[in-house]
Amino acid sequence: MSDLVVAEGLRKSYRAGRGRVAAVDGVSLHIEQGSTLALVGESGCGKSTTGRLLLALERPDDGSVEIDGRSVLGMGKRELRELRRTVAPVFQDPYDSINGRWTVSSIVAEPLRVHGFDDVGTRVRDLLDAVGLPAELATRHPHELSGGQRQRVAIARAIATGPDFLVCDEPVSALDVSVQAQIVNLLRRIQSERGITYLFISHDLALVRHVADRVAVMYLGRIVEEGATDELFADPRHPYTQLLLAAAPRPRVRTHNAPARPEPVVAQATTVGCRFAPRCPLATDRCCTEDPALRGLGEGRAAACHHAETARVGAV
Ligand code: ADP
Ligand code: MG
């Protein structure tokens with residue numbers, strides 16, 4: 001199978017106080033058609049920015065994005081409109097991204113109307129059925145639904161126009177653990193039925209184990225490790241991945257307004273050496289002076305660590 005999504009050398013920085021923060025700092029990734037790549041890392045490491053760049057919702061400062069062999073950066077208005085039919089986001093809290101005064105059916109119908117589909121009513125009924133929502137919910141409003149039902153509405157809307165590529169950005173992070181599995185299973189079923197390619201963004205490495213074909217671990221704007229899911233879980237090569245795995249599962253504290261993120265932003269000030277060195281139990285002198293590139297380790301594995309062949313962080 002060929003790659004549907006190919007990004008090379010993506011960079012995106014934002015103004016932050018008097019300086020700039022490099023949200024995405026040289027990210028390349030490939031997603032094979034019909035597969036799921038999970039993008040994992042702590043809050044603030046640049047996952048959502050990467051997702052927005054892949055969907056052409058934002059322009060990178062540098063780098064390229066190709067979807068199905070076509071560069072999204074040079075697209076004109078008509079091509080971008082067609083791209084909007086074929087790529088779609090699923091966000092963490094659909095309540096933020098859908099109009100609360102609309103009914104469920106008008107929320108799901110909107111992309112169909114925008115793209116000139118016929119038989120909108122029938123299609124909406126089929127879509128609600130496809131995401132496991134009873135037809136009588138069609139006339140309800142989002143606030144009358146549970147979190148899981150709202151996320152099903154968001155998924156129905158995202159797949160309405162028959163997209164090839166979905167960016168699912170923390171699609172279950174706002175849901176109770178019992179509901180998370182249902183939504184994850186729904187996304188998997190939709191993928192197998194429709195052959196859609198996914199970027200599945202999560203701060204929770206344990207969660208993606210049963211979702212992703214491949215995993216990319218992100219730290220401070222860069223991918224520090226990538227590999228097939230089973231191999232990455234069985235034998236993580238980057239100390240950061242090892243620490244993430246040792247830490248999971250951890251108690252979840254959900255606060256809507258205050259994501260914990262100070263540490264990565266502070267560490268980003270480091271300009272020489274490995275960005276993870278200040279937190280790495282295995283850091284040597286070399287790690288503090290020489291920035292390790294992401295390098296292939298064979299069999300589709302890659303890691304950005306001078307000690308990737310030998311690094312083993314004990315349980316913490
Ligand atoms: P993640 O999704 O991994 O939590 P983000 O991509 O949202 O990370 O953010 C990465 C960094 O970029 C953070 O430091 C964040 O504060 C900053 N950032 C993201 N979007 C913006 C924006 N629109 N304006 C300013 N800073 C931003
Ligand atoms: Mg995010």
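Here, every reference points to the structure presented above.
Residues numbered from 1 in each chain as written. Chains lettered and ligands numbered in written order. Predicted model: local features only at pLDDT ≥ 70, side-chain atom pairs only at ≥ 80, totals over all residues. Heavy atoms only, no water.

J.: Give me the pattern of salt bridges: which residues, what numbers.
T.: Throughout the structure, instances matching the rule amount to 17 salt bridges. Arg11 is paired through a salt bridge with Asp25; the nearest N and O atoms lie 2.8 Å apart. One end of the pair, Arg11, is in strand 1 (residues 3–16); the other, Asp25, is in strand 2 (residues 19–32), with 14 residues separating them in the sequence. Here Arg222 makes a salt bridge to Asp25, at a shortest N to O gap of 4.0 Å. Linking Arg222 in strand 10 (residues 222–228) with Asp25 in strand 2, this pair joins segments that are 197 residues apart in sequence. Judged by relative accessible area, which is 23%, Arg222 ranks as partly exposed. Asp25 gets classed as buried once you look at its relative accessible area, which sits at 15%. Among the charged side chains, a salt-bridge network with shared partners connects Arg11, Asp25, Arg222, Arg275 and Asp291. (Salt bridge = Lys/Arg side-chain N within 4 Å of Asp/Glu carboxyl O. Helix = DSSP H or I, 4+ residues; strand = E, 2+ residues; numbered from the N terminus. Buried < 20%, exposed > 50% of the residue type's maximum accessible area, 1.4 Å probe, protein only.)

J.: Go over the site of ligand 1, please, and point to the residues and values.
T.: Lining the immediate environment of ligand 1, one finds 13 residues, of which Gly44, Gly46, Lys47, Ser48 and Thr49 sit closest. A distance of 3.1 Å separates an oxygen atom of ligand 1 from a polar atom in the backbone of Gly46. A distance of 2.6 Å separates an oxygen atom of ligand 1 from a polar atom in the side chain of Thr49. Secondary-structure elements contributing two or more residues to the shell around ligand 1 are strand 2 and helix 1 (47–54). Looking at the shell around ligand 1 element by element, the count peaks at 4 residues for helix 1. Per-class residue counts for the shell around ligand 1 are 4 nonpolar, 5 polar and 4 charged. (Near = heavy atom within 4 Å. Polar contact = N/O pair within 3.5 Å; in protein donor to acceptor, adjacent residues only side chain to side chain. Nonpolar A, V, L, I, M, F, W, Y, C, P; charged D, E, K, R; others polar.)

J.: Describe the side chain of Thr49, and please don't skip the residues or the numbers.
T.: Tracing the backbone shows Thr49 in helix 1. Non-local contacts of Thr49, meaning those with residues more than four positions away in its chain, are made with Lys12, Tyr14, Ala23 and Val24. (Contact = heavy atoms within 4.5 Å.)

J.: How would you sum up the environment of Asn185? Please name residues and give values.
T.: Inspection of the secondary structure assignment puts Asn185 in helix 7 (residues 177–194). With relative accessibility at 46%, the residue Asn185 sits in the partly exposed group. As for Asn185 and Arg15, which are separated by 170 residues in sequence, their C-alpha atoms are 38 Å apart.

J.: Which residues make up the pairing of strand 2, and what values go with them?
T.: The pairing of strand 1 with strand 2 spans 11 bridges and is classified as antiparallel. Looking at strand 2, one finds that Leu10 is bridged to Val27. Between strand 1 and strand 2, which pair antiparallel in sequence order, lie 2 residues; one of them, Gly17, sits at a positive phi of approximately 60°. (Pairing = 2+ DSSP bridges.)

J.: Which residues make up the sheet that holds strand 2, and what are the values?
T.: Ordered by their spatial adjacency, 4 strands build an open sheet running 2-1-4-5, and the pairing between neighbours is antiparallel. Edge positions in the sheet fall to strand 2 and strand 5 (70–71), since each of these pairs with one other strand and no more. Contacting strand 1, strand 2 and strand 4 (62–67), helix 1 crosses the sheet at an angle of about 125° to strand 1. (Axes fitted to C-alpha atoms, helices over the stretch in contact; angles between N-to-C directions.)

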